[in-house]
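One letter stands for each residue in the lines below.
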Amino acid sequence: ALPKLPLDNPQAKALAYTENAAAVKHTLFKPGSDCANCNFYKGAKGQAYGPCQMFPQHSVAAKGWCSAWAKKV
Ligand code: SF4
């Protein structure tokens, strides 16, 4: 499995990545959005972490969020 994306990773910081979407207070945050329902998330259902196309070297939290979030299509 890919290592978890560190919160202090420069790209993670640039995109305001967090493991807890429930606590996000970002102007781009849409209520209900999280990594699990993001178009870039490729994790398996029911798994706490999974791959994200924006962070190819790491896994991200299913309940996480970042400002690159895009609705799953
Ligand atoms: Fe999560 Fe989507 Fe951001 Fe990846 S691009 S960290 S899946 S919100």
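Keep in mind it's a predicted model, so treat the numbers as computed, not measured.

What counts, and where the lines are drawn
- Residues numbered from 1 in each chain as written.
- Predicted model: local features only at pLDDT ≥ 70, side-chain atom pairs only at ≥ 80, totals over all residues.
- Heavy atoms only, no water.
- Phe/Tyr/Trp six-rings, centres within 6.5 Å; stacked < 30°, edge-to-face > 60°.
- Helix = DSSP H or I, 4+ residues; strand = E, 2+ residues; numbered from the N terminus.
- Buried < 20%, exposed > 50% of the residue type's maximum accessible area, 1.4 Å probe, protein only.
- Polar contact = N/O pair within 3.5 Å; in protein donor to acceptor, adjacent residues only side chain to side chain.
- Core = buried A, V, L, I, M, F, W, Y, C linked by side-chain atoms within 4.5 Å.
- Contact = heavy atoms within 4.5 Å.
- Near = heavy atom within 4 Å.
- 1 Å grid on protein atoms, 1.4 Å probe; cavity = no way out; pocket = protein on both sides within 12 Å on 5 of 7 lines; lining within 4 Å.
- Sits in = over half its atoms within 2 Å of the grid points.
- Nonpolar A, V, L, I, M, F, W, Y, C, P; charged D, E, K, R; others polar.

1. Quick notes on the packing of aromatic side chains
Here is step 1 of the chain: A full pass over the atoms with the stated rule returns two aromatic pairs.
Here is step 2 of the chain: Seen from their ring centres, Tyr17 and Phe55 are 6.2 Å apart, and the 55 degrees between their planes marks the pair as tilted. In this pair, Tyr17 is assigned in the loop between helix H1 (10-14) and strand S1 (49-51) and Phe55 in the loop between S1 and strand S2 (59-61), connecting sequence segments 38 residues apart. The two residues Tyr17 and Phe55 agree in class, both being buried.
Here is step 3 of the chain: Measuring from ring centre to ring centre gives 5.4 Å for Phe29 and Trp65, while their planes differ by 75 degrees; the resulting arrangement is edge-to-face. Within this pair, whereas Phe29 is found in the loop between H1 and S1, its partner Trp65 is found in the segment after S2, the two being separated by 36 residues in sequence.

2. Brief notes about the side chain of Asn9
Here is step 1 of the chain: When you line up the elements, Asn9 lands in the segment before H1.
Here is step 2 of the chain: Side-chain polar atoms of Asn9 contact the backbone nitrogen of Ala12, separated by 3.0 Å.

3. A short note on the nonpolar core
Here is step 1 of the chain: Ranked by size, the top nonpolar core spans 18 residues in total, and within it Leu5, Tyr17, Tyr41, Phe55, Val60 and Cys66 carry the most contacts.
Here is step 2 of the chain: Excluding anything up to four places from it in sequence, Tyr17 contacts Leu5, Leu7, Ala12, Cys35, Val60, Ala61, Trp65 and Cys66.

4. With respect to the site of the ligand
Here is step 1 of the chain: In the region of the ligand, the neighbouring residues are Tyr17, Cys35, Cys38, Phe40, Tyr41, Cys52, Met54, Phe55, Val60, Cys66 and Trp69.
Here is step 2 of the chain: Most atoms of the ligand, that is more than half of them, are within 2 Å of grid points of the largest cavity.
Here is step 3 of the chain: Class assignment for the residues of the shell around the ligand results in eleven nonpolar, no polar and no charged.

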